[in-house]
Amino acid sequence: MKAFEVNFDGLVGPTHNYAGLSIGNVASLSNAAQASNPREGAKQGLQKMKALHDLGLKQGVLPPLERPDVFTLRQLGFTGSDEQVLKRAYQEAPQVFVATCSASSMWTANACTVSPSADTQDRRVHFTAANLANKFHRSIEAPTTARILQSIFSNQDYFAHHQPLPLGDHFGDEGAANHTRFCQTYGDAGVEFFVFGKYAFDNRHPAPQVFPARQTFEASQAIARLHRLDHHKTVFAQQNPEVIDQGVFHNDVIAVGNQNVLFYHEQAFLDTAQVKRDISAAYGEHPFYFVEVPTAEVSVKSAVSSYLFNSQLVTLEDGSMAIIAPGECEENAEVKAYLAQLVAADTPIKQVKIFDVKQSMKNGGGPACLRQRVVLNEQELTHCNQQVLMSDQLFERLNTWVDKHYRDTMSEQDLVDPNLLVESRTALDELTQILEIGSVYPFQQNP
Ligand code: SUG
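### Comments concerning the overall build of the chain
Working step 1: Secondary structure assignment for the chain yields 18 helices and 15 strands.
Working step 2: Over its C-alpha atoms the chain spans a radius of gyration of 21 Å, differing by no more than 12% from the 22 Å that the globule rule assigns to 447 residues.
Working step 3: If you line up the chain on its principal axes, its C-alpha atoms span 65 × 45 × 40 Å.
Working step 4: Split into buried and exposed, the 447 residues of the chain put 60% on the buried side.
Working step 5: In the chain, the share of contacts with a sequence separation of at least 24, taken over all contacts with a separation of at least 6, comes to 76%.
Working step 6: Approximately 17100 Å² of the chain is accessible, and the part contributed by carbon and sulfur atoms is 48%.
Working step 7: In the chain, 36 positive and 51 negative side-chain charges are present, and the distance between their average locations comes to 2 Å.

Listed below in structure tokens is the structure:
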């Protein structure tokens, strides 16, 4: 049966802000406390979704989470009305307060890991919402994310949902940012490629010294077990700890794969030769392209600042591939020159399409961070919620919705404004109706 890669992009939320919350993520730290523009952020994201839809690709949208997260603040002992909870938290524990305000759910590459039905033993599409254990502001995402995924992919004949892995450093899981799949056509059984930052139970292995490794080997293994993958077609690889220490906090900051292509930096993996052998053995006889970018042409520093590898690698209707890259790739001379030569080389990658996603980039989120790939066959596609799939009408409707509800500037102080909470809840409540996803938010369940 024919199958498609559907990209589900996260909508930038109404309280999108820069709070410097992610140690190890260069952009997040360097833009801390700058004012953001949630409206522009949401529109940049919508433009990218619409453009991919117009290219003939299947495109979906995932709603943002509610922030500030008053429910977490209550769990941490702040009491009173919602207004009092916000005010007390802001005054008494400002760092905890801003952590509960992050719009980080927009980076849906981290929402979950998905294995298509062609790869799983029971022939269902498997989902595990990521626990995002390494960063407090992200560790509070999983419960609502899981509810949203269950609501969109609700038919249990086709879709299986697993609990996020247990919280704590040992099973730190950052979802599809560290997971890629190779296949000939999307409907074939594929090779699932898991990249992790460290071994949690065995400290004899190398590990980063400066910044945290967010994904553990043991977490990746657990996902592969839960998703009932064929171990002959599952490859695990360790990220190079030295690049984690240079700001490569997820593998998707230094590598991206699609079908029979792995596009990666020379320094991405601890043992590149082994990675190539393992992928080749699992993939089999068919042609496979290892597109390695040498340090001499693009330094790790340029890769991190331009987010070259946080591009989406997509297959167009004619079978060739395009790189969906952030605007920053054009501003970096090394990267720009590399891309010009890449599209002329002998690989399936034939086009570069540049998108302005600056609002997201300033927090370390490029085009690939903004999307979760879900491979669905024709039947599975008809059984998921159709209202979340991009169309000209949905694009119009969501732009109007953003215009109606979003502010065009957001600073730390705005986050304590009780009117913002009311505005956000009104917006999100309306969004759940537009997308027909039901009452997925805590404020809708415990009004
Ligand atoms: O987890 N930034 C996110 C960026 C996630 C990017 N995702 C992928 N690479 N797939 C993170 O570090 C920053 C929030 C702040 O500083 O306000 C933040 O959470």
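### Comments concerning the nonpolar core
The nonpolar side chains of soluble globular proteins are, as a tendency, buried together.
Working step 1: Residues Phe153, Phe193, Phe269, Leu376, Leu398 and Trp401 are the most contacted members of the largest nonpolar core, which totals 75 residues.
Working step 2: Here the element with the most residues in this core is helix α16 (residues 392–405); it accounts for 5 residues.
Working step 3: Dropping the residues within four chain positions of it, Trp401 is found in contact with Leu11, Tyr406, Ala427, Leu428, Glu430, Leu431 and Ile434.

### Re the side chain of His137
Working step 1: The topology assignment puts His137 in helix α6 (residues 136–139).
Working step 2: On the basis of relative accessibility, which here comes to 5%, the residue His137 falls in the buried class.
Working step 3: Once you skip the residues sitting within four places of it in the chain, His137 turns out to touch Leu21, Ser22, Ala99, Ser102 and Ser104.

### So, the environment of Gly20
Working step 1: Here Gly20 shows up in the loop between β1 (3–10) and α1 (26–30).
Working step 2: Note on Gly20: relative accessible area 23%, which makes it partly exposed.
Working step 3: Once the C-alpha coordinates of Gly20 and Gln34 are considered, the two residues, 14 residues apart in sequence, prove to be 9.4 Å apart.

### A look at the packing of aromatic side chains
Working step 1: Tallying each qualifying case throughout the model produces 22 aromatic pairs.
Working step 2: With 5.3 Å between their ring centres and 70° between their planes, Tyr90 and Phe97 make a pair best called edge-to-face.
Working step 3: With a relative accessible area of 22%, Tyr90 lands in the partly exposed category.
Working step 4: You can call Phe97 buried: its relative accessible area is 0%.

### Concerning the site of the ligand
Working step 1: In the vicinity of the ligand, 23 residues are found, and the nearest of them are Ser22, Ser28, His137, Asp252 and Cys369.
Working step 2: Residue Asn110 places a side-chain N or O atom 3.0 Å away from a nitrogen atom belonging to the ligand.
Working step 3: At 2.7 Å, a side-chain N or O of His137 approaches an oxygen atom of the ligand.
Working step 4: Contact with the protein chains hides 100% of the accessible area of the ligand, taken as 490 Å² for the molecule alone.
Working step 5: In terms of residue class, the shell around the ligand is built from 8 nonpolar, 12 polar and 3 charged.

### As for the environment of Thr15
Working step 1: Of note, Thr15 is situated in the loop between β1 and α1.
Working step 2: Overall, the relative accessible area of 3% leaves Thr15 in the buried class.
Working step 3: Along the chain, Thr15 and Asn37 lie 22 residues apart, while their C-alpha atoms are 8.9 Å from each other.
Working step 4: Sequence-distant contacts of Thr15, that is, excluding residues within four places in its chain, are made with Arg67, Pro68, Cys101, Ala103, Met410, Leu415, Leu420 and Ser424.
Working step 5: Within polar-contact distance, the side chain of Thr15 engages the backbone oxygen of Arg67 at 3.1 Å.

### Regarding the sheet that holds strand β4 (residues 125–129)
Strand pairs in the sheet, formed through backbone hydrogen bonds, run parallel or antiparallel to each other.
Working step 1: An order of β3-β4-β5 is seen for the 3 strands of this open sheet, with the pairing classed as mixed. The sheet terminates laterally at β3 (112–115) and β5 (159–162), the two strands that pair on one side only. The mean inter-strand angle of the sheet, taken between neighbouring strand axes irrespective of direction, is 15°.

### Brief notes about the pairing of strand β9 (residues 255–258)
Working step 1: Of the two faces of β9, both are covered, the one formed by Ala255 and Gly257 as well as the one formed by Val256 and Asn258.
Working step 2: Where β9 meets strand β10 (residues 261–265), 4 bridges bridge the pair, whose relative direction is antiparallel. Note that in β10 the partner of Val256 across the bridge is Phe263.
Working step 3: Hairpin geometry of β9 and β10 is characterised by an intervening segment of 2 residues between the two adjacent antiparallel strands and by a positive phi of about 45° at Gln259.

### Comments concerning the sheet that holds strand β7 (residues 191–196)
Working step 1: Taken in spatial order, the 3 strands make up an open sheet running β6-β7-β8, and their pairing is mixed. The open sheet has two edge strands, β6 (179–182) and β8 (234–238), and neither has a second partner. Along the sheet, successive strands turn relative to each other by an average axial angle of 20°, direction set aside.
Working step 2: Against the sheet, helix α8 (residues 217–226) makes contact with β7 and β8, and its axis sits at roughly 155° relative to β7, the strand it touches most.

### Re the side chain of Asp173
Working step 1: The residue Asp173 is located in the loop between β5 and β6 in this model.
Working step 2: A distance of 3.0 Å separates a polar atom in the side chain of Asp173 from the backbone nitrogen of Gly175.
Working step 3: Setting aside residues no more than four positions away along its own chain, Asp173 makes contact with Thr113, Ala129, Ala130, Asn131, Leu132, Leu165, Arg214, Gln215, Ala219 and Ile223.

### Here we look at the pairing of strand β13 (residues 321–326)
Working step 1: Burial analysis of β13 places 6 of its 6 residues in the buried class, the great majority of the element.
Working step 2: Going residue by residue along β13, you find Met321, Ile323 and Ala325 tucked away on one face and Ala322, Ile324 and Pro326 tucked away on the opposite face as well.
Working step 3: Here 4 bridges tie strand β12 (residues 312–315) to β13, and the two strands are oriented antiparallel to one another. Bridge pairing links Gln312 to Ile324 in β13.
Working step 4: Counting the residues that bridge the hairpin from β12 to β13 gives 5 residues, and of these Gly319 lies at a positive phi of roughly 90°.
Working step 5: Across 6 bridges, the pairing between β13 and strand β14 (residues 349–355) is parallel. Paired with Ile324 across the bridge in β14 is Lys353.

What counts, and where the lines are drawn
Residues numbered from 1 in each chain as written. Predicted model: local features only at pLDDT ≥ 70, side-chain atom pairs only at ≥ 80, totals over all residues. Heavy atoms only, no water. Helix = DSSP H or I, 4+ residues; strand = E, 2+ residues; numbered from the N terminus. Rg over C-alpha atoms; globule rule 2.2 N^0.38 Å. Buried < 20%, exposed > 50% of the residue type's maximum accessible area, 1.4 Å probe, protein only. Contact = heavy atoms within 4.5 Å. Areas by Shrake-Rupley, 256 points an atom, 1.4 Å probe, with all protein chains shown as cover. Lys, Arg positive; Asp, Glu negative; His and termini not counted. Charge placed at Lys NZ, Arg CZ, Asp CG, Glu CD. Core = buried A, V, L, I, M, F, W, Y, C linked by side-chain atoms within 4.5 Å. Phe/Tyr/Trp six-rings, centres within 6.5 Å; stacked < 30°, edge-to-face > 60°. Near = heavy atom within 4 Å. Polar contact = N/O pair within 3.5 Å; in protein donor to acceptor, adjacent residues only side chain to side chain. Nonpolar A, V, L, I, M, F, W, Y, C, P; charged D, E, K, R; others polar. Pairing = 2+ DSSP bridges. Axes fitted to C-alpha atoms, helices over the stretch in contact; angles between N-to-C directions.

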